[in-house]
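Notes for the structure review
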Amino acid sequence: MKLYFSPNACSLASHIVLRELALPFELIRVDNQKKTTANGDDFLRINPKGYVAALQLDNGEVLTEGAAILQFLADQVPEAGLAPANGSWERVRLQEWLNFVSSEIHGGLGVLFNSAIPEEVKALFKATLFKRFAILVQTLERQDYLQGERFSVADAYLFVVLRWAAFFDIDLQQWPALARFQQRVSARPAVIAALAAENS
Ligand SMILES: N[C@@H](CCC(=O)N[C@@H](CS)C(=O)NCC(=O)O)C(=O)O
């Protein structure tokens, strides 16, 4: 498998999960401005959506959308328990979290990267984002991970997008449960290895 990534982007979640599962993979860096890969290929020919993450399977198929990639990967090694079994109620709950992280947290923080948006509009977006943080806090105050005491692909995703808060002077210490979550996940060997590989 090949994972098309940009350092510290949302593709980091898929990268972490590939390492958590000890699956063989090749990392291909994408220049998100030029839409080219490190070996000079046109990234738009690989993923016409023009964004990472994209996972190319050994049969040539390309899977996009982080929430789908994460579940596909988890299902390759079900015994690792990074996603509950397909068809179970717990799996639906995982999908509920993945959607929440994608639309509310990834979307809520991702929009702040847009330099064309005036600061006063960004302040409105931040107010909405902080309401969503309150939902995360309610859960992470009573358990270590989104689905209980076990790390799942949704936690990998949440960890990656919450890291972006620092870019916008949002200090996660204001929400101690979120700060503790970040610290907990950042100590995982797969996370340490993925961050080292992306930032070397
Ligand atoms: N809906 C996609 C969004 C992916 C996304 O936002 N990718 C960003 C990095 S985190 C990107 O590559 N942006 C470049 C661009 O849109 O040109 C997903 O959930 O995977």
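Residues numbered from 1 in each chain as written. Predicted model: local features only at pLDDT ≥ 70, side-chain atom pairs only at ≥ 80, totals over all residues. Heavy atoms only, no water.

Should their charged atoms come close, side chains of opposite charge can pair. The tally for this structure, following the rule as stated, stands at 6 salt bridges. Of the charged contacts in the structure, one is a salt bridge between glutamate 104 and arginine 132, with a shortest N-O distance of 2.6 Å. Of this pair, glutamate 104 sits in helix 4 (residues 89-110) while arginine 132 sits in helix 5 (residues 119-140), and the two are 28 residues apart along the sequence. Here arginine 132 falls in the partly exposed class, since its relative accessible area comes to 26%. (Salt bridge = Lys/Arg side-chain N within 4 Å of Asp/Glu carboxyl O. Helix = DSSP H or I, 4+ residues; strand = E, 2+ residues; numbered from the N terminus. Buried < 20%, exposed > 50% of the residue type's maximum accessible area, 1.4 Å probe, protein only.)

Around the ligand, the structure places Ala9, Cys10, Asn32, Lys35, Gly50, Tyr51, Val52, Glu65, Gly66, His106, Tyr157 and Trp164. In this structure, valine 52 approaches the ligand through a main-chain N or O atom, which is 2.8 Å from a nitrogen atom. Within the backbone of glycine 66, an N or O atom sits 2.9 Å from an oxygen atom of the ligand. Relative to its unbound accessible area of 510 Å², the ligand is 70% covered by the protein chains. Applying the majority rule of atoms within 2 Å of the grid points places the ligand in the largest pocket. (Near = heavy atom within 4 Å. Polar contact = N/O pair within 3.5 Å; in protein donor to acceptor, adjacent residues only side chain to side chain. Areas by Shrake-Rupley, 256 points an atom, 1.4 Å probe, with all protein chains shown as cover. 1 Å grid on protein atoms, 1.4 Å probe; cavity = no way out; pocket = protein on both sides within 12 Å on 5 of 7 lines; lining within 4 Å. Sits in = over half its atoms within 2 Å of the grid points.)

Now for the sheet that holds strand 1 (residues 2-5). Across a sheet, paired strands are connected by hydrogen bonds in the backbone, their directions being either parallel or antiparallel. Strand order in this open sheet of 5 strands is 3-2-1-4-5, and the pairing throughout is mixed. Each of the sheet's edge strands pairs with one partner strand only, and the pair in question is strand 3 (36-37) and strand 5 (62-64). Pairing of strand 1 with strand 4 (residues 54-56), which is carried by 3 bridges, proceeds in the antiparallel orientation. Bridging from a neighbouring strand, lysine 2 pairs with glutamine 56 of strand 4. Lying over the sheet, helix 1 (residues 11-20) contacts strand 1 and strand 2 (26-31), oriented at roughly 150 degrees with respect to strand 1. (Pairing = 2+ DSSP bridges. Contact = heavy atoms within 4.5 Å. Axes fitted to C-alpha atoms, helices over the stretch in contact; angles between N-to-C directions.)

Here, UniProt's "domain: GST C-terminal" (unreviewed entry) annotation points to residues 87-200. Structurally, residues 87-200 is divided into 66% helix and 0% strand, and its ends, taken at the C-alpha atoms, are 40 Å apart. (UniProt positions renumbered as here; feature names shortened; annotations may be inferred.)

What follows deals with the layout of surface pockets. Taken as a whole, the largest pocket spans an internal volume of roughly 540 Å³. Forming the walls of the largest pocket are 22 residues, and the residues nearest its centre are Ala9, Cys10, Val52, His106 and Trp164. When grouped by side-chain class, the residues that make up the lining of the largest pocket number 13 nonpolar, 8 polar and 1 charged. Of the residues that make up the lining of the largest pocket, three or more belong to each of domain 1 (2-80 + 190-198) and domain 2 (89-188). Approximately 160 Å³ is the volume attributed to the second largest pocket. In terms of lining, the second largest pocket is formed by Arg93, Glu96, Trp97, Phe100, Ile135, Thr139, Arg142, Gln143, Leu146, Gln147 and Gly148. Mapped onto the lining of the second largest pocket, the elements with two or more residues apiece are helix 4 and helix 5. Per-element tally for the lining of the second largest pocket: the top contributor is helix 4, with 4 residues. (Points joined across faces, edges and corners; volume = space filled by probe spheres on them. Nonpolar A, V, L, I, M, F, W, Y, C, P; charged D, E, K, R; others polar. Domains from an automatic or database assignment.)

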